[in-house]
Structures are given as structure tokens and as C-alpha cells.
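# Analysis of the macromolecular model
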Amino acid sequence: MRFILVGPPGAGKGTQAVNLAAHFSVPHISTGDIFRANLKEGTPLGLEAKSFMDRGELVPDQVTNKMVKDRLGKGDLDNGFLLDGFPRNVRQAEVLEEILDEKKSPLEAALELSVDSAEIINRLAGRRTCRNCQRAFHLMYERSKVDGVCDSCAGELYQRDDDKEEVIKRRLEVYSEQTAPIIDFYRERNILITIAAMGSVEEISERAIAALMALS
Ligand code: AP5
């Protein structure tokens with residue numbers, strides 16, 4: 001299965017991606033996670049991305065598109081892939097289409113997670129992320145077994161710099177202005193699936209899997 005997740009910041013893309021990637025046995029490719037991993041390593045890519053991420057702006061297409069093209073050129077995509085956080089504007093969607101056309105393996109689904117705006121703020125405000133493996137927890141909805149420690153890898157949990165109130169506001173604006181138009185882009189190609197992303201993580205995963213399985 002070759003598919004992408006679309007939805008505003010805090011919709012639960014990263015959380016659902018873990019379950020969906022495991023279910024369909026495909027790699028989970030998150031552009032946000034790749035940028036944060038580069039930042040942790042102090043690479044030039046990470047440092048360049050940081051200035052945009054901290055302001056809630058998109059990292060320039062030129063940088064992001066090359067990074068994704070390189071990633072999609074690796075040899076672990078026989079079963080497909082799950083892209084989380086890419087594309088984020090219509091130009092990126094066109095570039096993805098070009099890359100996949102060249103490989104003769106077009107995208108099969110764009111899964112949109114639809115969430116109430118009040119819920120988005122709650123989810124982002126309480127999110128804590130593992131510095132090591134990037135898994136997301138929540139202070140109320142998904143607590144780690146030990147406070148401040150990741151259940152998966154025992155890494156330290158922290159609050160992302162872009163989860164501060166003023167940055168969240170800008171990220172939501174950027175989503176409406178630049179990312180939401182890709183929903184029509186995929187609707188026109190007849191591969192858009194929209195599911196309600198309210199309820200428990202497990203319920204949403206079941207809904208998503210059922211919708212994706214209905215495609216085949
Ligand atoms: P990125 O890391 O992709 O952030 P995002 O899209 O803003 O999405 P988030 O990670 O904030 O949220 P999510 O939907 O994954 O929610 P999560 O599962 O964590 O991008 C960050 C930045 O990188 C961008 O702003 C940009 O600067 C740059 N960037 C990335 N890609 C780019 C691109 N293509 N082009 C240019 N720039 C790019 O869930 C949120 C919280 O809710 C968690 O605490 C979770 O535990 C909780 N939760 C999840 N589901 C539920 C549920 N069902 N019930 C209760 N709580 C839940």
C-alpha cells in the first residue's frame with residue numbers, strides 16, 4: 001500500500017502512522033521526524049529546518065522535496081510506504097506525483113484525518129515527544145508508564161518547541177492556507193479518503209484500516 005496521511009497539526013497523524021505502518025508492513029516516513037532527527041544530530045539540514053519549524057513555517061520546498069526524493073529512492077519500499085507530513089502544499093503534491101510516476105508506482109490513497117479544532121489544541125498542548133524515537137505521548141490521553149520516560153525506548157520525553165501556543169497558532173494558519181488545498185488535489189484524483197479522527201487511538205486505527213482495506 002502506498003499512501004499518505006493528511007490532517008492539521010495534532011490530528012494524530014504520527015500516532016496513527018505507527019499502527020497503520022505496522023498493519024500494512026510499510027515504512028513510516030515522517031518529514032517532521034526526519035527534520036527533528038537531523039536537528040538532534042546537529043546536521044546542516046537540521047539547523048536549516050529549525051529556523052522554519054520554530055516559527056511554524058514550512059521548510060522550503062527545495063530542501064524538503066530533495067530529502068523526500070532521496071528517501072523514496074531507498075530499497076525498502078517493496079510493500080509501499082506511509083508518508084506522514086508530506087506533501088504539505090500543492091507543489092509538493094505535484095513533485096510526489098512526478099517521483100512516483102517515474103517509478104510507475106502511483107499513490108493509492110490520501111487518508112485525511114478530520115478533527116474538531118478544540119480537540120487539536122488539547123492534543124498539542126498536552127503532547128510530550130520522545131527525544132530518541134519521536135513517539136508521541138499525552139499528559140492526559142496517553143500517559144507514559146513512568147513520567148517523562150518513553151515506554152518504547154526509555155528516552156526522555158520533552159515538549160516540542162513548536163508546541164508553544166503562538167507557534168501552534170501559526171502552524172494552524174499555515175495548514176489552512178498552504179496544506180488544506182492538497183485535499184482537493186487528491187479528491188480530483190479519486191484517491192481521497194476522509195475519516196473522523198475523534199475517539200480512541202484504537203477506534204481511529206480500526207476505522208482507517210477498514211477504509212483502506214475497502215480500496216482493494
Ligand atoms: P510535523 O512533525 O509533521 O508536525 P505536524 O504536521 O504539525 O503534525 P504534528 O506532529 O504536530 O501532529 P500529528 O498529527 O502527528 O499528531 P500526533 O500523532 O503527534 O512537522 C513539524 C514541522 O516540520 C512543520 O511545522 C514544518 O516546519 C516542518 N515540516 C514537516 N514536513 C514538512 C514538509 N513536507 N514541508 C515543509 N515543512 C515541513 O498527536 C498529537 C497529540 O495528540 C499527541 O500527544 C498524541 O498522544 C495525542 N493523540 C493522538 N491521537 C489521539 C486520540 N485519538 N485521542 C487523544 N489524544 C490523541
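Everything quoted here is computed from the prediction, not taken from an experiment.

## Overview of the pattern of salt bridges
- Applying the stated criterion across every chain yields a total of 23 salt bridges.
- The partner of Asp 147 in a salt bridge is Arg 143, and the shortest N-O contact between them spans 3.1 Å.
- A residue is classified by how much of its surface remains accessible, and Asp 147, at 59% relative accessible area, is exposed.
- Note that Glu 173 is salt-bridged to Arg 170, the shortest N-O span being 2.9 Å. Separated by 3 residues within a single helix, Glu 173 and Arg 170 lie in helix α7 (residues 165-179), roughly one turn from each other.
- With relative accessibility at 32%, the residue Glu 173 sits in the partly exposed group.
- Take Arg 170: its relative accessible area is 22%, and that puts it in the partly exposed class.
- Bridged by salt links that share partners, the residues Glu 57, Lys 169, Arg 170, Glu 173 and Glu 177 form one connected network.

## A few points about helix α4 (residues 61-72)
- The end-to-end C-alpha separation of α4 is 16 Å, in line with the 16 Å expected for 12 residues at 1.5 Å each.
- Along α4, the residues classified as buried are Val 63, Thr 64, Asn 65, Met 67, Val 68, Arg 71 and Leu 72.
- Looking at the buried positions of α4, the neighbouring elements they touch are β2 (28-30), α2 (31-41), α3 (44-53), β3 (81-84) and α5 (90-102).

## Notes on the packing of α7 against helix α8 (residues 181-188)
- Following both chains from N to C, one finds α7 and α8 inclined at 35°, their axes separated by 5 Å at the closest point. The segment α7 lies against α8, with Tyr 175, Ser 176, Glu 177, Gln 178 and Thr 179 engaging Pro 181, Ile 182 and Ile 183.
- Taken together, the residues that form the contact of α7 with α8 break down as 4 nonpolar, 3 polar and 1 charged.

## A look at the nonpolar core
- The biggest cluster of nonpolar side chains holds 24 residues, and the ones touching the most others in it are Phe 3, Leu 20, Leu 82, Leu 111, Ile 193, Ile 195 and Leu 212.
- Secondary structure elements with two or more residues in this core: β1 (2-6), α1 (13-24), β4 (109-114), α6 (117-125), β8 (192-196) and α9 (201-213).
- Among the elements that make up this core, the one with the highest residue count is α9 (5 residues).
- Leave out the neighbours within four places in its chain, and Phe 3 touches Leu 20, Phe 24, Val 26, Phe 81, Leu 82, Leu 83, Leu 107, Ala 109 and Leu 212.

## Considering the site of the ligand
- Residues in contact with the ligand amount to 35 residues; listed here are only the nearest, Thr 15, Glu 57, Arg 88, Arg 127 and Arg 171.
- Between the ligand and the protein, one listed contact pairs an oxygen atom with a backbone N or O atom of Gly 14 at 2.8 Å.
- Here an oxygen atom of the ligand and a backbone polar atom of Glu 57 are 2.6 Å apart.
- Out of a free accessible area of 1000 Å², the ligand has 96% covered by protein chains.
- Put simply, the parts of the chain that give the shell around the ligand at least two residues each are α1, α2, α6, β6 (136-138) and α9.

## A closer look at the sheet that holds β8
- As summarised here, the arrangement of the 5 strands in space is β2-β3-β1-β4-β8, forming an open sheet in which the pairing is parallel. Strands at the two margins of the open sheet, each flanked by one partner only, are β2 and β8. Across the sheet, the axes of successive neighbouring strands diverge by a mean angle of 25°, strand direction being ignored.
- Of the strand pairs in this sheet, β1 and β4 are connected by 4 bridges, and their pairing is parallel. Bridged to Leu 5 within β4 is Leu 111.

## Some words on the packing of α2 against α4
- Their axes nearest at 11 Å, the elements α2 and α4 cross at an angle of 100°. On the basis of their axis angle, the class for α2 and α4 is roughly perpendicular. Residue-level contacts link Thr 31, Ile 34 and Phe 35 of α2 to Thr 64, Met 67 and Val 68 of α4.
- Of the residues assigned to the contact of α2 with α4, the class counts are 4 nonpolar, 2 polar and no charged.

## Side note on the packing of aromatic side chains
- One pass over the full model with this rule turns up 2 aromatic pairs.
- Seen from their ring centres, Phe 3 and Phe 24 are 5.6 Å apart, and the 70° between their planes marks the pair as edge-to-face. Taken together, the residues Phe 3 in strand β1 and Phe 24 in helix α1 connect sequence positions 21 residues apart.
- Ring centres of Phe 185 and Tyr 186 lie 5.0 Å apart, and the angle between their planes is 80°; on these two criteria the pair is classed as edge-to-face. Comparing Phe 185 with Tyr 186 shows no difference in burial state: the two are buried.

Scoring rules and cut-offs
Residue numbers restart at each chain and count upward from 1, following the sequence in its written direction. Under the rules for a predicted model, residues below a pLDDT of 70 receive no local features and side-chain atom pairs below 80 are neither given nor counted, while totals for whole chains, interfaces and linings still include all residues. The side-chain figures draw on all heavy atoms in the structure; neither hydrogens nor water molecules are used. Whenever Lys or Arg places a side-chain nitrogen within 4 Å of a carboxyl oxygen from Asp or Glu, that contact is recorded as a salt bridge. For each residue, the accessible area found with a 1.4 Å probe, counting protein chains only, is set against the maximum for its type, and the residue is called buried under 20%, exposed over 50%, and partly exposed in between. Per the convention used, a helix needs a DSSP run of H or I reaching at least four residues, while a strand needs a run of E reaching at least two, with both numbered from the N terminus. The length a helix should cover is 1.5 Å for every residue beyond the first. Residues count as neighbours in contact if any of their non-hydrogen atoms are within 4.5 Å of one another. Note on definitions: angles span 0 to 180 degrees between N-to-C directions of axes, and those axes are lines fitted to C-alpha atoms, for helices only across the stretch in contact. Under the convention adopted here, Pro, Cys and the residues Ala, Val, Leu, Ile, Met, Phe, Trp and Tyr are nonpolar, Asp, Glu, Lys and Arg are charged, and Gly plus all remaining residues are polar. By convention a nonpolar core is built from buried Ala, Val, Leu, Ile, Met, Phe, Trp, Tyr and Cys residues, the set being connected through side-chain atoms within 4.5 Å. In these notes, residues near a molecule or strand are those with any non-hydrogen atom within 4 Å of it. The definition of a polar contact used here is a pair of N or O atoms within 3.5 Å, where within protein one atom must be able to donate a hydrogen and the other to accept one, and adjacent residues in sequence count solely through side-chain atom pairs. Here the Shrake-Rupley method, with its probe set to 1.4 Å, supplies the accessible areas, and only the displayed protein chains count as covering residues. Strands are labelled as partners when DSSP assigns at least two bridges between them. Angle categories: roughly parallel below 35 degrees, roughly antiparallel above 145, roughly perpendicular from 65 to 115, and oblique for all the rest. Classification of ring pairs rests on two measures: the distance between centres of Phe, Tyr or Trp rings, Trp counted by its six-membered ring, which must be within 6.5 Å, and the angle between planes, read as stacked under 30 degrees, edge-to-face over 60 and tilted in between.

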